[in-house]
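Residues per chain, in single letters:
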Amino acid sequence: MTSLQTELNGKSTATLEKPPIIVAKNVEKTYGNGFHVLKGVSLTVNKGEVVVLMGPSGSGKSTFIRTFNGLEPYQKGSIEIDGTPISNGKKGIELVRREVGMVFQQFNLFPHLTVLKNITIGPIKLRGLSKADAEQAAMELLEKVGIAHQAKKYPGQLSGGQQQRVAIARALAMKPKVMLFDEPTSALDPEMVREVLDVMRSLAESGMTMVCVTHEVGFAREVADRIIFLTEGNLIADTTPDQFFNNPKEERLKTFLSQILH
Amino acid sequence: MHYSFDFSVIWDNFGVLLAGAWLTLRLSLMAVAFGLVIGIVGSLFRTSGNRLLNGIALAYVEVIRNTPYLIQLFFIFFGLPAVGLKLSAEQAAIVSLAINFGAYSTEIVRAGVESIPKGQVEAGLAIGFNKLDVFRHIVIPPALANIYSSLVGQVILAVLFTSVVSQIAAEDLTYAGNYLDARTFRSFEIYFTLAILYLAIVWIVKALAYVVEARFFEFAKYRQ
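Values in this document were obtained by computation on a predicted structure and should not be read as measured data.

(A) Main features of the layout of surface pockets. Approximately 690 Å³ is the volume attributed to the largest pocket. Counting only elements with at least two residues in the lining of the largest pocket, the list comes to helix H3 (93-97) of chain A together with helix H2 (14-47), helix H6 (118-127) and helix H7 (131-146) of chain B. Of the residues forming the lining of the largest pocket, the biggest block, 5 residues, is contributed by H7(B). Along the lines of polarity and charge, the residues of the lining of the largest pocket split into 11 nonpolar, 3 polar and 7 charged.

In structure tokens:
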């Protein structure tokens, strides 16, 4: 076998190991007020990839990732999560959502449940785990995000950064195939951004498939496999961090970068 | 004008009054328990976005809140037997009080439901809960905490409303008082005592409400 063949074989194995988890094709959405927020956006995310979505505000990036778990209905195109189509108003969307973790800008922890119960409610009620098993798994996740000692507290007793780390643990507790992050650090005080990004970084290193809408340049540069640039509802760049930041081709992207990289 | 007060009528008949007070307390608690269930379902209908369900709940609320409770009670106790539904005085009292409290609590709980940020619902859906489970597990507990003081106020009104059921001879505290008054003509002593006993019942209910709050809504202290 020639070295080239070995290389090709190696490559095809690699492709087999990395099947697509998210396949979005020509997704179009218009809001009720007539605003055409997504104008036919396509994106494929493979298993284990970390994809960062960037773009100016109003570009449709949050709307786009919210279509991946059916929180945002769309009118045209198609989205598949691990082979299961996400279509509007279809029964069974709950089953797909269990496989897709989501972390929100405003954390959205449940205020009436302790940190521990925020994490175990999904696994107990939806995955059928026993309370003991769910709590053990939750404590392990809380160890990972560094807040095990706060397990008995209510979300209102935690700082923003701690709440967001609990929110990440809550999403992970469902053992999702992919994690969506919708501006996870935008509502945080500056000194708390890092603790959340560190958790995201170690999550990426563990091989989790991640799609992140974020303005954190450092995170995008160091952690992303690909950076997607959306503007006015169009995907105009899908490239490596190096190309994205050091050799941008599109005029709109250059303008954007000049605005965010002061 | 000479009237010599004689509270012996109270001491001699304290068992009668206590039995009446006990029924009043039981009627109150059952009416509130069933009524709250109606109110939670009603608030679900009102906020469901389904026009039919919303219409049903709205019609219910409008009819009950805009007609006298005495008429509702008479309709259920005297009217419904005409269509074959015959209830005892106590049953009619509980049913009518629950229906009445349900209408008021529908609107109070609805306000609580509407106070919950949309992000809470989205977080529940994102985990994989269906809409009904999101409502049950994620929306209702903090919604109730948000409107708890209004709800307790309505509960107290419901307790006081129970005195009306004496009109269908349900043997509540007011009925016991009327009964003693008709036999002894000691109106001052009897109704004075009745007022104090009602006050005591409301205090008991308030104490229970406080216990419920401490037990279930502890988190509300920590909300940002």
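(B) Up close: the confidence of the model for chain A. Residue and element names in this part refer to chain A. When pLDDT is averaged across chain A, the result is 91; 92% of the residues are at 70 or more. Confidence scores differ between elements of chain A, with helix H1 (residues 3-17) showing the lowest mean pLDDT of 47 and strand E7 (residues 178-182) the highest of 98. The low-confidence segment residues 1-15 (pLDDT under 50) makes 2 contacts with residues lying over four places distant or belonging to another chain.

(C) Structural context of empty space enclosed by the protein. A full pass over the atoms with the stated rule returns 1 cavity of 30 Å³ or more. Space inside the largest cavity adds up to approximately 80 Å³. Around the largest cavity sit 13 residues that line it, and A:Gly101, A:Met102, A:Ala171, B:Ala126 and B:Ile127 are the ones nearest its centre. Only strand E6 (100-103) and helix H6 (160-172) of chain A together with H6 of chain B provide two or more residues apiece to the lining of the largest cavity. When its residues are assigned to classes, the lining of the largest cavity shows 9 nonpolar, 1 polar and 3 charged.

(D) Local environment of the interface of chain A and chain B. Of the residues lining the interface, 25 residues belong to chain A; the matching set on chain B comes to 20 residues. Between chain A and chain B, a total of about 2000 Å² is buried, with carbon and sulfur atoms accounting for 66% of that surface. The tally of links between chain A and chain B comes to 1 salt bridge. A salt bridge links B:Glu122 to A:Arg66, with the shortest nitrogen-to-oxygen separation between them at 2.7 Å. Inspection of the region where chain A meets chain B yields 5 residue pairs in polar contact (both at pLDDT 80 or more). Where the side of chain A that touches chain B is concerned, the elements lending two or more residues are H3, E6, helix H4 (115-126) and H6 of chain A. With 4 residues, H4(A) is the largest single contributor of residues to the side of chain A that touches chain B.

Conventions used here
Residues numbered from 1 in each chain as written. Chains lettered and ligands numbered in written order. Predicted model: local features only at pLDDT ≥ 70, side-chain atom pairs only at ≥ 80, totals over all residues. Heavy atoms only, no water. 1 Å grid on protein atoms, 1.4 Å probe; cavity = no way out; pocket = protein on both sides within 12 Å on 5 of 7 lines; lining within 4 Å. Points joined across faces, edges and corners; volume = space filled by probe spheres on them. Helix = DSSP H or I, 4+ residues; strand = E, 2+ residues; numbered from the N terminus. Nonpolar A, V, L, I, M, F, W, Y, C, P; charged D, E, K, R; others polar. pLDDT = per-residue confidence, 0-100. Contact = heavy atoms within 4.5 Å. Buried area = accessible area lost by both parts, 1.4 Å probe. Salt bridge = Lys/Arg side-chain N within 4 Å of Asp/Glu carboxyl O. Polar contact = N/O pair within 3.5 Å; in protein donor to acceptor, adjacent residues only side chain to side chain.

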